[in-house]
Amino acid sequence: VLQNARKLFAKFTHQNYDLEVARGGEGSFMARNSRRAVSLTPAQLSTGTRAQLLLAARLAFVETNQAESPLPIFMDEALDHSDAGRFSAIATSLGEVTQDGRQIIYLTNDAAEAVLMERALVADGHPAPHRIGLGEVRGIGAGPMAAADLELAPIASVPSPQNLSAAEYGDLIQVPALDLKRGTA
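Residues numbered from 1 in each chain as written. Predicted model: local features only at pLDDT ≥ 70, side-chain atom pairs only at ≥ 80, totals over all residues. Heavy atoms only, no water.

(A) Fine view of the overall build of the chain. What the chain contains, in helices and strands, is 6 helices and 5 strands. Start at the N end of the chain and walk to the C end: the helices and strands fall as α-β-β-β-α-β-α-β-α-α-α. The globule rule puts the C-alpha radius of gyration for 185 residues at 16 Å, and the 27 Å found for the chain is more than 25% above it. With the C-alpha coordinates aligned to their principal axes, the bounding extent of the chain is approximately 75 × 45 × 35 Å. Considering the chain as a whole, with its 185 residues, one finds that 26% of them fall into the buried category. By sequence separation, contacts in the chain at least 24 residues apart represent 53% of the contacts at least 6 residues apart. Accessible area of the chain: about 12900 Å², with a carbon and sulfur share of 55%. (Helix = DSSP H or I, 4+ residues; strand = E, 2+ residues; numbered from the N terminus. Rg over C-alpha atoms; globule rule 2.2 N^0.38 Å. Buried < 20%, exposed > 50% of the residue type's maximum accessible area, 1.4 Å probe, protein only. Contact = heavy atoms within 4.5 Å. Areas by Shrake-Rupley, 256 points an atom, 1.4 Å probe, with all protein chains shown as cover.)

Shown next, in the form of structure tokens:
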């Protein structure tokens, strides 16, 4: 598993990092920066590099411990912190994982990621992925939402209760009078 994870992590990072295991009892992953000759804990890595390290370890575990009938891999926005070069390297690795019949389901709300995934896979000789647009399936369209779709109606300002009695303030903000016969509704 570790050998496979090392190969994947090096590929994902264009050979800029090597995967190591910390010495001692911790057994934690470390990323050795090849250029600076320094080892970093996952917490010291950028969000993208840390995600790539963990993805390499998970994919290596899956590849090494797969069942006779490979189970699908689900990924949700797993590459959104990757630059285009690393995204492409990871996508082609995912294409290689599918060679044994394994299905990979990659969920994203970013159309640019879908395009990057398709380009990388096709350029590496893999078939183009099958896309399912949930907006289209649900009949709400395929296009991105407009900024106006995300705007909320302005909240009415609440007047200050200064210089008003409780009853006067209740009338001002239109609180109904207490009616014990009315029940809870």
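Now that the structure is up, let's keep going.
(B) Structural detail: the packing of aromatic side chains. With the rule as written, the count across this model stands at 1 aromatic pair. Taking the centre distance of 6.0 Å and the plane angle of 40 degrees together, the rings of Phe 9 and Tyr 17 count as tilted. Phe 9 gets classed as buried once you look at its relative accessible area, which sits at 0%. The buried category is assigned to Tyr 17, whose relative accessible area is 11%. (Phe/Tyr/Trp six-rings, centres within 6.5 Å; stacked < 30°, edge-to-face > 60°.)

(C) Local environment of helix H3 (residues 84-97). Given a rise of 1.5 Å per residue, 14 residues ought to cover 20 Å, and the 20 Å separating the end C-alpha atoms of H3 matches this to within 8%. Of all the 14 residues making up H3, 10 are buried; the element is thus mostly covered by neighbouring parts of the structure. Within H3, burial applies to Arg 86, Phe 87, Ala 89, Ile 90, Ala 91, Thr 92, Ser 93, Leu 94, Gly 95 and Val 97. On the buried face of H3, the contacting elements are helix H1 (2-12), strand E1 (17-21), helix H2 (47-64), strand E4 (73-76), strand E5 (104-107) and helix H4 (111-123). Where H3 begins, the side chain of Asp 83 points an oxygen toward the backbone nitrogen of Gly 85, at a separation of 3.0 Å. (Expected span 1.5 Å × (residues − 1). Polar contact = N/O pair within 3.5 Å; in protein donor to acceptor, adjacent residues only side chain to side chain.)

(D) Spatial organisation of the pairing of E4. Judged by which residues are buried, E4 turns out to be one-sided: Ile 73 and Met 75 face inward and are buried, whereas Phe 74 and Asp 76, on the alternate face, are not. Pairing geometry for E4 and E5, over 4 bridges, is parallel. Bridging from a neighbouring strand, Met 75 pairs with Tyr 106 of E5. Handedness of the crossover joining E4 and E5 through H3 is recorded here as right-handed. (Pairing = 2+ DSSP bridges. Right-handed = clockwise from strand over helix to strand, strands pointing away.)

(E) Structural view of the pattern of salt bridges. Under the definition given, this model contains 3 salt bridges. Between Arg 131 and Glu 118 there is a salt bridge, and its shortest N-O distance comes to 2.9 Å. Of this pair, Arg 131 sits in the loop between H4 and helix H5 (134-137) while Glu 118 sits in helix H4, and the two are 13 residues apart along the sequence. Of the residues examined, Glu 118 reaches a relative accessible area of 27% and is grouped as partly exposed. (Salt bridge = Lys/Arg side-chain N within 4 Å of Asp/Glu carboxyl O.)

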